[in-house]
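Residue strings, one per chain:
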Amino acid sequence: MRIAEITTPDLRLHHRETESRTQHPLLSEIELLIQQSEAISKNQPLPQSLPISLRQSLTRLSQLAPFPDNSFNLTIWKLSFRLWNACVDLSNAASLQSSSTSAESIANLRHVAADMLFLAKDVNGVPYPTIKSSILYYRTGLVWHSLKKFDLASDCFERATEIVSKIDIAKISDAGEKKLFLDLNLARSQTAWEISDRNLAVTLLNRAKNLLFGSPEHYKLLSNQFLAFGKSSLARDDDDCGLNDALRLMNEALDLCEKGLGTAKTREDTMEFTSMRIKTLRFISAVHLQKGEFESVIKCVKVLRNGGNGSDVADQHASLPVLAMKAWLGLGRHSEAEKELRGMVGNKDIPEAVWVSAVEAYFEVVGTAGAETAKGVFLGLLGRCHVSAKAALRVAHRVLGESRGGDNGSRIRANVVAQLVSDERVVALFAGEAVTKERKAIHSVLWNSASDHFRAKDYETSAEMYEKSMLYIPHDIENRVFRAKGFRVLCLCYLGLSQLDRALEYIEEAEKLEPNIACSFLKFKIYLQQKDHSCAIGQINAMTSCLDFSSDYLSLSAHEAISCQALPVAIASLSKFLSFHISGKTMPTTEVVVFRTLVTILTQDIGSETQALEFMLQAQSRSAKIGAECFFGSGETGKREQNWFAVNCWNLGSRCGSAKKYELCGEFMRLASEFYGCLNTDESGENKMMICRSIILSVTAMIALEKQNKSALTETEVKLAGELLVRAGKIMSSSLSDGKDCIMEPEFIFMYTLVAYDIHGRLDNSAFQLLVVKTFAGSKSCNYNYLLQLGIFASQSPRSNPDVSTFAFNECLSALIASASPDYPTIALIIRKLISISSVHKGDTEDEEAIQKMYKQAYRIMVGLKEGEYPTEEGKWLAMTAWNRAALPVRLGQFETAKKWLSIGLEIAEKVTGMDTYEACMQDYLAGFQTKVPTA
């Protein structure tokens, strides 16, 4: 505000008298500087040096005080007013430019103008010089305060207070001057508050109570200042001390309102004081709420609602139900809080942000039990007013909370939110481009909640939330991918619930929107659980045709099939995997691992040995084609893989042999020998022996199959068996030639001997037959039982070999006789066999003598034995056959030969129990025969 020039008649006369005098140089200098400030145009910036120069000139001028006469002081006053008015003009121009630097420079000029008046002090003829000087300081302080230069503002207010302190307040009658006293205190108080000197600020406000002068306007100003400080304390401090200060300041404001009502002389003043009182009471309620004094909050609200606030009209402010609700919640009276919350629905003056905040506060305290109430309030608000999408988002997010799913409370909250967001009115809030951000946000909230419940295996709730999230995905091309993703996760949920038909519906919808490997794999998973193996196998082929196909899905498909016990599907998946290997494609899983997995799966299913053999043969073929190291791997890993295949071939062959599947057994054992052959022979020679064992069992299985099918081995098969046995024989021979004992079990060596005899008999190699048996007889693995079986087999087989059987029986007999506890029944059997063989194949006289030796050997064995120790029937057979052998020589006139046989028969008969009658007859006949022989 500009200040009018000093134009009283006395001053104009005095000015004309002094104009002719020479002006002091300092005043001239100051006037020149003021003229510069007056000459600055609106678009011209204020020189930074101007305030500094004026301040320096004023400092030099102050050194001349006290000034010589009144005219000197008057000149200073005039110059001060001119400078102030120039500052006003400059400030108006600077406000258009919004320059903070210029505003500070102008404030410095104002400060200089105020200091000039203070320096000149009282001037005769100027009315109220003290008041005017203090007003300039007060206004300059306000400018500094607005520029947040609180120290300078405080200096100005204190200087103004110092100036007016000399005035007797009781003698002041002008309303403006009275107001100046109050304004100065309020301004000083505000500045002290800003620099955090709160004690001084409150002290100055308390002093201002003596400057009210019974004016309603003064009461309003002071009350508002107390309230402003109380609100500031409430906003800044959360501790009890700050809240107590806020409450104390607001009570002061309330007290001033009540006292101000007594000074009100107009209806407008009364209404204004009443409004201020209501407002203060509401803030006092807020302080009580923050302090946790909930009963006090309820009392304040009741006072306001019942019109006990100095007016006959009840307060219906929007904050009252919120305050009351929070207080009831604090008191634990949830039903009253719910009434307040529901009552807010009918109050159209409550802003959206307020009731959303109230819903959040209510739900935060009540929790899951308040979910239905929150939903009802929100839907009720939808019916009475426009609600923003942002508000709906906040309510949904608050009701869902931070729960991770899995508990009953989370499930209830999710169901309530599902009902809320599926309401057509709520869905309509999120329609359109303007709420794209909010639509994405609520979709994310619902999606995340569904994901939490899915991880907690609450698939039913998860499916419901995923379905509701789909309501907030637009049906346009840009969002096809998101909709497809939603359908896929819904498929997963219903898979978890075992609702396979519904899961299939969702995945088919997803496939329509975005056909990819994920959809194809989920369809495969559904078919598996439906036990539709043919469709599952067909889906494997569909997966490989997807653009984003990865071989990992074949491995995953195999795992899924195995877990569902769908072994044919697992085999189909892995077979498809193998086809990529064979075609030369680079795969993440090695070929040998796939073969191993296939065989492992097949070994679990009895009856799948044929398929297992096929894959084993493929593995052996691939190994031979690309090299063992390339196929199996190098180092210890490769050795373990090779050993695994060899061992499993052996085990499968053994299983097939036990099940009398001799054809498969033979193939597995032959293949096992091939795999063992790929392994490096260790120091112990175990791998070599495993090759031998496998070959022996393979050939044994071939012979067993011949008997089972009752069809002779073909020539090719016989040659193959012969080649295998030659290989086994070489390995055993090399082992023995190294000076080591054969580590193979005796039964395997016996089996080798037996089958080698058989196969070489088919090849008409009788010499080798005898050689192999003799070799076995000379080994440590041989015992009389094995020799007995070899002898019987060689004597009874279609291609019998008397030399082999005779050798075997003789070796067996020698072993039995040398035994500490001879097995006489077996000895008797061997003697009979030897006699029978010799009898069938006897030729010259030497054979006859050999047979006689056998009988005599039997006799010598029987000598000294206890009765019945040698089998009686065998003894009788020997006696009778020896006696009967004399018949032919008698007819041929070979009496000496006949006499030998008759004597042998009688000798044996004498050692056999039960032949007494025969013995007497035989003795008589022999005596008569001996008598006849000489006379013959």
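Residues numbered from 1 in each chain as written. Predicted model: local features only at pLDDT ≥ 70, side-chain atom pairs only at ≥ 80, totals over all residues. Heavy atoms only, no water.

Caption draft 1: Geometry of the packing of helix α12 (residues 267-291) against helix α13 (residues 294-305). Where α12 meets α13, the closest approach of the two axes is 8 Å, and the angle between their N-to-C directions is 160 degrees. Overall, the two elements α12 and α13 adopt an arrangement that is roughly antiparallel. Judged by the twist between their axes, the crossing of α12 over α13 is left-handed. Note on element contacts: α13 touches α12 through Phe294, Ser296, Val297, Cys300, Val301, Val303 and Leu304, opposite Ile278, Leu281, Arg282, Ile284, Ser285, His288 and Leu289. Looking at the contact of α12 with α13 residue by residue, the class counts come to ten nonpolar, three polar and one charged. (Axes fitted to C-alpha atoms, helices over the stretch in contact; angles between N-to-C directions. Helix = DSSP H or I, 4+ residues; strand = E, 2+ residues; numbered from the N terminus. Parallel < 35°, antiparallel > 145°, perpendicular 65-115°, else oblique. Left-handed = near helix turned anticlockwise from the far one by under 90°. Contact = heavy atoms within 4.5 Å. Nonpolar A, V, L, I, M, F, W, Y, C, P; charged D, E, K, R; others polar.)

Caption draft 2: Geometry of the UniProt feature "repeat: TPR" (unreviewed entry) in the protein chain. Per the UniProt entry, the sites bearing "repeat: TPR" (unreviewed entry) are residues 484-517 in this numbering. Across residues 484-517 one finds 82% helix and 0% strand; the C-alpha atoms that close the span lie 13 Å apart. (UniProt positions renumbered as here; feature names shortened; annotations may be inferred.)

Caption draft 3: Structural detail: the packing of aromatic side chains. Evaluated as defined, the whole model comprises 27 aromatic pairs. Ring geometry for tyrosine 757 versus phenylalanine 793: centroids 5.7 Å apart, planes at 75 degrees, classification edge-to-face. A residue pair is termed long-range when its members are at least 10 positions apart, and tyrosine 757 in helix α36 (residues 746-762) and phenylalanine 793 in helix α38 (residues 784-796) qualify at 36 residues. The exposure class of phenylalanine 793 is partly exposed, given its relative accessible area of 25%. An aromatic cluster is defined as three or more aromatic residues linked by ring pairs; in this entry it consists of Phe595, Phe631, Phe632, Trp644, Phe645 and Phe675. The lysine or arginine in question, lysine 220, covers the ring of phenylalanine 273, its NZ or CZ lying 5.7 Å from the ring centre. We note arginine 885 situated over the ring of tryptophan 901; from NZ or CZ to the ring centre the distance is 5.5 Å. (Phe/Tyr/Trp six-rings, centres within 6.5 Å; stacked < 30°, edge-to-face > 60°. Buried < 20%, exposed > 50% of the residue type's maximum accessible area, 1.4 Å probe, protein only. Lys NZ or Arg CZ within 6 Å of the ring centre and 35° of its normal.)

Caption draft 4: Quick peek at the packing of helix α22 (residues 459-469) against helix α23 (residues 480-496). Running from N to C, α22 and α23 point in directions that differ by 160 degrees, and their axes come no closer than 9 Å. The angle between α22 and α23 places the two elements in the roughly antiparallel class. Considering the relative orientation of α22 and α23, their crossing is left-handed. Here Tyr459, Ser462, Ala463, Tyr466 and Glu467 of α22 come into contact with α23, specifically with Val489, Leu490, Cys493, Tyr494 and Gly496. In terms of residue class, the contact of α22 with α23 is made up of seven nonpolar, two polar and one charged.

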